[in-house]
Amino acid sequence: MEELAGSGAEPWAEGLHNSNNNASPAGWPGARGGHPLAPFGSPGAEPSYLGRVVLEIVESERTYVRDLRSIVEGYLGKIIDSEEPVLRPEQVSVLFGNIEDIYELSSTLLQNLESCASDPVAVAVCFVTRSQEFAIYTQYCNNYPSSVAALAECMRSKPQARFLRECQERLRHALPLGAYLLKPVQRILKYHLLLQEIAKHFEHKSGDDYEVVLEAIDTMTCVAWYINDMKRKHEHAIRQQEIQSLLLGWKGPDLTSYGELVLEGTFRVQRVRHERAVFLFDKTLLITKRRGDHYVYKSHIP
């Protein structure tokens, strides 16, 4: 029996599961260069590797906020301000989700990071103190597949596609809207990796300051895993509804009463021509036979 496809590593979750992302981001010189790095924070000296890590966090957040602003003002704002909106209100809601809330959070986070004076511990504190606020990314990530579908629908409409291309041209974006709508999903799964770089190159691997950095890593790792888990459950719930609609001959209660769908797969029974399709829920194992696009109920084991 194979695990559901939705519970594996999704493309949007690449930053969470790809161990290669733990390597230093491109553009950060390694500590093994031809000359020793100056101490972090030395006046007039080249910043240390740790200093460059902190700088990367702040600079990448600044770029991220600029990208969010382009979505909120360059696309969403243009749609709202248009006398005759090209997109329907329900399309706009699904397409952009709660992007405005994320823009507001990231703008505030950027202000906090910029006031840290390149102090890695102060940077870590910014994430610890705002840990609860990052929960808004869960809503965005759960909505993201619907956003992709809504954008595909818009691109099939000539007036809507033309409007979105005009927005892209005004913003002078090399990439279309879809690439920018993916950025919040990528960013929330990147924070803990950036913070890991701070811990990796922290001078003293003990003490209160180092504990704050570890707490920040733990906080953002938990956020990333929670979002990944919520997306997995969301996908399984959709699949559960699909199975319910395709199930023939079932006289029992709604499948949601058996808890979450955990696994699904097929197996062959001796002296039986057709394979059986099985679905494992928290509270029962459902055994069916495939008939075209439908599943015919055969048995179940509590």
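In this report, we go over the structure that sits alongside the text. (Residues numbered from 1 in each chain as written. Predicted model: local features only at pLDDT ≥ 70, side-chain atom pairs only at ≥ 80, totals over all residues. Heavy atoms only, no water.)

1. Re the overall build of the protein chain
- Across its full length, the protein chain carries 11 helices and 6 strands.
- Taking all 302 residues of the protein chain together, the buried fraction comes to 43%.
- Sequence-distant contacts in the protein chain: of pairs separated by 6 or more residues, those separated by 24 or more amount to 64%.
- When the accessible surface of the protein chain is totalled, it reaches about 16,600 Å², and 51% of it is carbon and sulfur. (Helix = DSSP H or I, 4+ residues; strand = E, 2+ residues; numbered from the N terminus. Buried < 20%, exposed > 50% of the residue type's maximum accessible area, 1.4 Å probe, protein only. Contact = heavy atoms within 4.5 Å. Areas by Shrake-Rupley, 256 points an atom, 1.4 Å probe, with all protein chains shown as cover.)

2. Things to note about the nonpolar core
- Among the nonpolar cores identified, the biggest contains 63 residues, and Phe-96, Phe-127, Phe-134, Ile-188 and Ile-198 are the most heavily contacted of them.
- For this core, the element with the most residues is helix α2 (residues 49-81), which contributes 14 residues.
- Setting aside chain neighbours within four positions, we find Ile-198 in contact with Leu-50, Val-53, Val-54, Ile-57, Pro-120, Val-123 and Val-213.
- If you look at the next biggest cluster of nonpolar residues, it comprises 12 residues, including Ile-243, Trp-250, Leu-261 and Leu-286. (Core = buried A, V, L, I, M, F, W, Y, C linked by side-chain atoms within 4.5 Å.)

3. Thoughts on the pattern of salt bridges
- Summed over the entire model, instances satisfying the criterion amount to 14 salt bridges.
- Close ionic contact of Glu-90 with Arg-88 constitutes a salt bridge, the shortest N to O distance being 2.8 Å.
- A relative accessible area of 46% means that Glu-90 is categorised as partly exposed.
- Arg-268 serves as the salt-bridge partner of Glu-275, at 3.9 Å between the closest nitrogen and oxygen.
- For Glu-275, a relative accessible area of 38% corresponds to the partly exposed category.
- When salt bridges that share partners are traced, they join Asp-229, Arg-232, Lys-233 and Glu-260 into one network. (Salt bridge = Lys/Arg side-chain N within 4 Å of Asp/Glu carboxyl O.)

4. A look at helix α6 (residues 136-155)
- The end-to-end C-alpha distance of α6, which contains 20 residues, comes to 27 Å, matching closely the 28 Å that a straight helix rising 1.5 Å per residue would cover.
- The largest bend in α6 comes to about 45°, at Tyr-144, with the proline Pro-145 one to four residues further on.
- Turning to α6, its buried residues are Tyr-137, Thr-138, Tyr-140, Cys-141, Asn-142, Asn-143, Tyr-144, Ser-147, Ala-150, Leu-151 and Cys-154. (Expected span 1.5 Å × (residues − 1). Bend = angle between axes of the 7 residues up to and from the residue.)

5. Let's talk about a negative patch on the surface
- Residues Asp-119, Asp-208, Asp-209, Glu-211, Glu-215 and Asp-218 make up a contiguous surface patch of negative charge.
- Among the structural elements, Asp-218 can be located in helix α11 (residues 208-246).
- Judged by its relative accessible area of 48%, Asp-218 is partly exposed. (Patch = residues over 30% accessible without salt bridge, like charges linked within 9 Å, V, L, I, M, F, W, Y side chains within 5 Å. Lys, Arg positive; Asp, Glu negative; His and termini not counted. Charge placed at Lys NZ, Arg CZ, Asp CG, Glu CD.)

6. A closer look at the packing of aromatic side chains
- Following the criterion strictly, the structure yields 8 aromatic pairs and no others.
- On the basis of an interplanar angle of 70° and a centroid distance of 5.1 Å, the ring pair of Trp-250 and Tyr-297 is categorised as edge-to-face. Here the residue Trp-250 occupies a position in the loop between β2 (247-248) and β3 (261-267), and Tyr-297 occupies one in strand β6 (residues 294-301), the gap between them amounting to 47 residues.
- According to the relative accessible area criterion, Trp-250 is buried, its value standing at 14%.
- Taken together through their ring pairs, the aromatic side chains of Phe-127, Phe-134, Tyr-137 and Tyr-191 make up a single cluster. (Phe/Tyr/Trp six-rings, centres within 6.5 Å; stacked < 30°, edge-to-face > 60°.)

7. A word on helix α3 (residues 89-96)
- Inspection of α3 places Gln-91, Val-92, Leu-95 and Phe-96 among the buried residues, and these make up the whole buried set. One side of α3 carries all its buried residues, which in axial view fall inside an arc of 100°.
- Phi turns positive, to about 55°, at Gly-97, one or two residues after α3. (Arc of directions from axis to C-beta.)

8. Points about the side chain of Thr-138
- Mapped onto the elements, Thr-138 comes out in helix α6.
- When its relative accessible area of 10% is taken as the criterion, Thr-138 is described as buried.
- If sequence neighbours within four positions are ignored, Thr-138 has contacts with Tyr-226, Ile-227 and Met-230.

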